[in-house]
Amino acid sequence: MHKDKIFKLAKGFRGRAKNCIRIARERVEKALQYSYRDRRNKKRDMRSLWIQRINAGTRQHGVNYGNFMHGLMKENIQLNRKVLSELSMHEPYSFKALVDISRNAFPGNKNVVLPSKKEGIAIVL
């Protein structure tokens, strides 16, 4: 790369990495490697986050993530994980309807006991 382009990319780096061409070239090349790698890792991280959110939402209704997804697949409901995670957070009633559909489609979901709600302890004076 040309010297001007390297210095433009090295803007904001600390120490001699922003104004010494040899060090700036090394730091810019490494930064470009990191950005290439992390564009792929970001996709992995987001998918993992969506799965965690869906799993948390389904467990509130007594179904685990794998059985929920299998039930949706059997019913041919083709919602991706991003949409399902948004539904679980922002549309709890719609998400509960999906959980019920999944529970009816897959027999493994039916024998799951719903988690009990803990009652508050009443203080008698």
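Preceding this paragraph is the structure being described.
First things first, this report covers the structure right here in the doc.

Here is what the cut-offs are and how they apply
- Residues numbered from 1 in each chain as written.
- Predicted model: local features only at pLDDT ≥ 70, side-chain atom pairs only at ≥ 80, totals over all residues.
- Heavy atoms only, no water.
- Helix = DSSP H or I, 4+ residues; strand = E, 2+ residues; numbered from the N terminus.
- Buried < 20%, exposed > 50% of the residue type's maximum accessible area, 1.4 Å probe, protein only.
- Areas by Shrake-Rupley, 256 points an atom, 1.4 Å probe, with all protein chains shown as cover.
- Phe/Tyr/Trp six-rings, centres within 6.5 Å; stacked < 30°, edge-to-face > 60°.
- Arc of directions from axis to C-beta.
- Contact = heavy atoms within 4.5 Å.
- Axes fitted to C-alpha atoms, helices over the stretch in contact; angles between N-to-C directions.
- Parallel < 35°, antiparallel > 145°, perpendicular 65-115°, else oblique.
- Nonpolar A, V, L, I, M, F, W, Y, C, P; charged D, E, K, R; others polar.

## Comments concerning the overall build of the chain
Then, number 1: For the chain, the helix and strand inventory stands at 5 helices and 0 strands.
Then, number 2: In sequence order, the secondary structure elements of the chain are arranged as α-α-α-α-α.
Then, number 3: Burial status across the chain gives 23% buried among its 125 residues.
Then, number 4: Of the roughly 9800 Å² of accessible surface on the chain, a fraction of 54% belongs to carbon and sulfur atoms.

## A closer look at the packing of aromatic side chains
Then, number 1: Inspection of the entire model under this criterion finds 1 aromatic pair.
Then, number 2: Between Phe68 and Phe95, the ring centres sit 5.4 Å apart and the planes meet at 50°, which makes this aromatic pair tilted. One end of the pair, Phe68, is in helix 3 (residues 65-74); the other, Phe95, is in helix 5 (residues 92-105), and 27 residues separate them in sequence.
Then, number 3: We classify Phe68 as buried; its relative accessible area is 0%.

## Quick look at helix 4 (residues 81-90)
Then, number 1: Those residues of helix 4 that fall on the buried side of the exposure criterion are Leu84, Ser85, Leu87 and Ser88. Across the axial projection of helix 4, the buried residues extend over an arc of 160°, all falling on one side.
Then, number 2: The inward-facing, buried residues of helix 4 abut helix 2 (21-59), helix 3 and helix 5.

## Section: unusual backbone geometry
Then, number 1: Unlike most non-glycine residues, Asn76 shows phi in positive territory, near 60°.
Then, number 2: With respect to the secondary-structure elements, Asn76 resides in the loop between helix 3 and helix 4.

## What about the packing of helix 3 against helix 5?
Then, number 1: As a packed pair, helix 3 and helix 5 sit with axes 8 Å apart at the nearest point and diverge in direction by 80°. In terms of orientation, helix 3 and helix 5 fall into the roughly perpendicular class. Judged by residue contacts, Asn67, Phe68, Gly71, Leu72 and Lys74 of helix 3 engage Phe95, Leu98, Val99, Ser102 and Ala105 from helix 5.
Then, number 2: For the contact of helix 3 with helix 5, the residue count by class is 6 nonpolar, 3 polar and 1 charged.

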